[in-house]
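Okay, here's what each chain looks like letter by letter:
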Amino acid sequence: ASKEPGSELLVKMYYHFEFRGHCCLVFERLGCSLYDFLKANDYRPFRLSCVRDVARQLLQAVACLHRMRLIHTDLKPENILLCDSGSCVERTADNSEYRVPVSTNIKVIDFGGATYDDEHKSSIVNTRQYRAPEVILALGWSLPSDLWSIGCIVAELFDGELLFATHSNTEHIALMERCLGYFPHAMIDNSKYGSKY
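These figures come from a predicted structure and were not determined experimentally. (Residues numbered from 1 in each chain as written. Predicted model: local features only at pLDDT ≥ 70, side-chain atom pairs only at ≥ 80, totals over all residues. Heavy atoms only, no water.)

### Section: the pattern of salt bridges
Line of reasoning, step 1. Counting across every chain of the model gives eight salt bridges.
Line of reasoning, step 2. Salt-bridge contacts for Arg 67 lead to Glu 4; the nearest nitrogen and oxygen are separated by 2.3 Å. You can see Arg 67 sitting in helix H2 (residues 48-67) and its partner Glu 4 sitting in the segment before strand S1 (13-19), a full 63 residues away along the chain.
Line of reasoning, step 3. Looking at Arg 67, the relative accessible area reads 46%, which means it is partly exposed. (Salt bridge = Lys/Arg side-chain N within 4 Å of Asp/Glu carboxyl O. Helix = DSSP H or I, 4+ residues; strand = E, 2+ residues; numbered from the N terminus. Buried < 20%, exposed > 50% of the residue type's maximum accessible area, 1.4 Å probe, protein only.)

Here it is as structure tokens:
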């Protein structure tokens, strides 16, 4: 039987067992998260070739999930692991050290908040900085909210910093508008929070 394209980019669970009333899950061994790699590299951005490769794999992984009508709901650099934590050190123009991953192969992890598109959906999902505007504005959300998260992740890997570094909905909406332009009037009119934000 052929595997679903993109499924190799999703973490494999080997087995599960119960121990003292706790459900324990055993997954394959992977490397560090993209966030941990960025942090260890003093938040210097990934090379463009690395960003492209990670973006391609993320889109393939999410396409696999979406074909199953499954929404991850919490895509962020902490939930994307390198398959190999190995890196090589290069010198930059100012003679500082810069870490480059030996491999950009990734796997998506943490399906604890995943939901099928036809199931009841929580009103708030995602880690705030990767949350889509339709979630904040309570417009109803679906599969595209994962794509918004991917866009935020790719921008962060390219720049080394959060695209939307915020801790409030009002500021988040303002940062989105500053980056992307004004929201369509229909979107604001259909939101119960349109006048608030």
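### Let's talk about the pairing of strand S5 (residues 87-91)
Residues in a regular strand point their side chains to alternate faces of the sheet.
Line of reasoning, step 1. Where S5 meets strand S6 (residues 97-101), five bridges bridge the pair, whose relative direction is antiparallel. Directly across from Arg 91, in S6, lies its bridge partner Glu 97.
Line of reasoning, step 2. Where S5 folds back onto S6 in an antiparallel hairpin, the turn is made up of five residues, including Asn 95, whose phi is positive at roughly 70°. (Pairing = 2+ DSSP bridges.)

### Quick word on the packing of H2 against helix H4 (residues 144-159)
Line of reasoning, step 1. Two numbers describe how H2 lies on H4: the axes approach to 10 Å, and their chain directions differ by 165°. Judged on the interaxial angle alone, H4 and H2 are roughly antiparallel. Crossing of H2 over H4 shows right-handed handedness. Contact residues: H2 offers Leu 48, Val 51, Val 54, Ala 55, Leu 58, Leu 59, Val 62 and His 66, while H4 offers Asp 146, Leu 147, Ile 150, Ile 153, Val 154, Leu 157 and Phe 158.
Line of reasoning, step 2. Within the contact of H2 with H4, the residues separate by chemical class into 13 nonpolar, one polar and one charged. (Axes fitted to C-alpha atoms, helices over the stretch in contact; angles between N-to-C directions. Parallel < 35°, antiparallel > 145°, perpendicular 65-115°, else oblique. Left-handed = near helix turned anticlockwise from the far one by under 90°. Contact = heavy atoms within 4.5 Å. Nonpolar A, V, L, I, M, F, W, Y, C, P; charged D, E, K, R; others polar.)

### Observations regarding the environment of Glu 90
Line of reasoning, step 1. With respect to the secondary-structure elements, Glu 90 resides in strand S5.
Line of reasoning, step 2. Between the C-alpha atoms of Glu 90 and Asn 126, which are 36 residues apart in sequence, the distance is 35 Å.
Line of reasoning, step 3. If we ignore the near neighbours within four places in the chain, the residues touching Glu 90 are Arg 47, Ser 96, Glu 97, Tyr 98 and Val 100.
Line of reasoning, step 4. Of the polar contacts made by the side chain of Glu 90, one reaches the side chain of Arg 47; its length is 2.3 Å. (Polar contact = N/O pair within 3.5 Å; in protein donor to acceptor, adjacent residues only side chain to side chain.)

### Things to note about the packing of aromatic side chains
Line of reasoning, step 1. Summed over all chains, the structure comprises five aromatic pairs.
Line of reasoning, step 2. It is Lys 121 that lies over the ring of Trp 141; its NZ or CZ is 5.7 Å from the centre. (Phe/Tyr/Trp six-rings, centres within 6.5 Å; stacked < 30°, edge-to-face > 60°. Lys NZ or Arg CZ within 6 Å of the ring centre and 35° of its normal.)

### Examining the side chain of Lys 76
Line of reasoning, step 1. Its location among the elements puts Lys 76 in the loop between strand S3 (70-71) and strand S4 (80-82).
Line of reasoning, step 2. For Lys 76, the side chain forms a polar contact with the side chain of Thr 127, separated by 2.9 Å.

### Some points on the environment of Cys 64
Line of reasoning, step 1. On the secondary structure map, Cys 64 appears in helix H2.
Line of reasoning, step 2. In this structure, the C-alpha to C-alpha distance between Cys 64 and Gly 6, residues 58 residues apart in sequence, is 5.2 Å.
Line of reasoning, step 3. Ignoring anything within four residues of it in the chain, the contact list for Cys 64 reads Glu 4, Pro 5, Gly 6, Ser 7 and Leu 10.

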